[in-house]
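# Reading the structure
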Amino acid sequence: MAGGTTVVSCGNGVRGLESPLILNRSGIRGAGADLFLDLYINTFGEARGLNQRQELIMALGNDQFLETKGFILSPFINRWKIGRYSELGQAGLKLDDKRLIGFMTKIADSNVGRVLPDGTVSKPVTASDR
């Protein structure tokens, strides 16, 4: 198909990083450049009589600070202890999800990363990202 468009998608999250490898191996130069990952941090707290266990994860987002400060906020808790452990260490295991409330702060990080032809990823966090 001359002049056609090819779209390659290998899933979301980490699996999505496979697309540049496929494109590179297909001869498309520059695939994997300008990588950004939407860096984020989760903030948790405990409250009496409140929790977000039954709430949809990131069901809404607040973008009022996007233009001026470069971030969005979204309600979020990590419902799984292993997730809280990976984020907070031992302190994450002690949080009671029956009292857990929280939000995610996500930035539009700099697109200075790259997926290298061998599949490794280089994604520095810039001063602006910090």
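Remember, predicted model here, so these are calculated numbers, not experimental data.

## Quick notes on the overall build of the protein chain
A count of helical and extended segments in the protein chain gives 4 helices and 5 strands. What you see in the protein chain, going N to C, is helices and strands ordered as α-β-α-β-α-α-β-β-β. Against the globule reference of 14 Å for 130 residues, the protein chain gives a C-alpha radius of gyration of 19 Å, more extended than a compact globule. If one aligns the C-alpha atoms of the protein chain with their principal axes, the spans along those axes are about 60 × 35 × 30 Å. Per-residue burial for the protein chain yields a buried fraction of 22% across its 130 residues. For the protein chain, the accessible area works out to roughly 9300 Å², and carbon and sulfur atoms hold 55% of it.

## Comments concerning the sheet that holds strand S1 (residues 40–46)
The antiparallel open sheet is built from 3 strands, whose spatial order is S1-S3-S2. Each having just a single partner strand, S1 and strand S2 (71–75) make up the two edges of the open sheet. If you compare each strand with its neighbour and ignore which way they point, the axes differ by 20° on average. Looking at chain direction, S1 and strand S3 (residues 100–107) are connected through 7 bridges and run antiparallel. Bridge pairing links Gly-45 to Ile-101 in S3.

## Quick word on the packing of aromatic side chains
Remark: the centre distance and the inter-plane angle together describe each pair of aromatic rings, the angle taken between the planes. A full pass over the atoms with the stated rule returns 1 aromatic pair. Taken together, a centroid distance of 5.2 Å and an interplanar angle of 20° make the contact between Phe-65 and Phe-71 stacked. Assessed through its relative accessible area of 29%, Phe-65 is described here as partly exposed.

## A look at the confidence of the model for the protein chain
Across the protein chain, pLDDT averages 85, with 90% of residues at or above 70. When pLDDT is averaged over each element of the protein chain, S2 comes out on top at 93 and helix H1 (residues 18–25) at the bottom at 84.

## Description of a nonpolar patch on the surface
Among the surface-exposed residues, Ile-57, Met-58, Trp-80, Ile-82, Tyr-85 and Leu-93 lie close enough to one another that they form a single nonpolar patch of about 590 Å² accessible area. Along the chain, the position of Tyr-85 falls in helix H3 (residues 81–88).

## Structural notes on the pairing of S3
With 5 bridges connecting them, S2 and S3 associate as antiparallel partners. The residue of S3 that forms the bridge with Phe-71 is Ile-107.

## Structural notes on the environment of Asn-42
Here Asn-42 is to be found in strand S1. Asn-42 gets classed as buried once you look at its relative accessible area, which sits at 12%. Non-local contacts of Asn-42, meaning those with residues more than four positions away in its chain, are made with Phe-76, Glu-87, Phe-103 and Met-104. Within the structure, Asn-42 has its side chain in polar contact with the side chain of Glu-87 (distance 2.6 Å).

How each quantity is defined
- Residues numbered from 1 in each chain as written.
- Predicted model: local features only at pLDDT ≥ 70, side-chain atom pairs only at ≥ 80, totals over all residues.
- Heavy atoms only, no water.
- Helix = DSSP H or I, 4+ residues; strand = E, 2+ residues; numbered from the N terminus.
- Rg over C-alpha atoms; globule rule 2.2 N^0.38 Å.
- Buried < 20%, exposed > 50% of the residue type's maximum accessible area, 1.4 Å probe, protein only.
- Areas by Shrake-Rupley, 256 points an atom, 1.4 Å probe, with all protein chains shown as cover.
- Pairing = 2+ DSSP bridges.
- Axes fitted to C-alpha atoms, helices over the stretch in contact; angles between N-to-C directions.
- Phe/Tyr/Trp six-rings, centres within 6.5 Å; stacked < 30°, edge-to-face > 60°.
- pLDDT = per-residue confidence, 0-100.
- Patch = residues over 30% accessible without salt bridge, like charges linked within 9 Å, V, L, I, M, F, W, Y side chains within 5 Å.
- Salt bridge = Lys/Arg side-chain N within 4 Å of Asp/Glu carboxyl O.
- Contact = heavy atoms within 4.5 Å.
- Polar contact = N/O pair within 3.5 Å; in protein donor to acceptor, adjacent residues only side chain to side chain.

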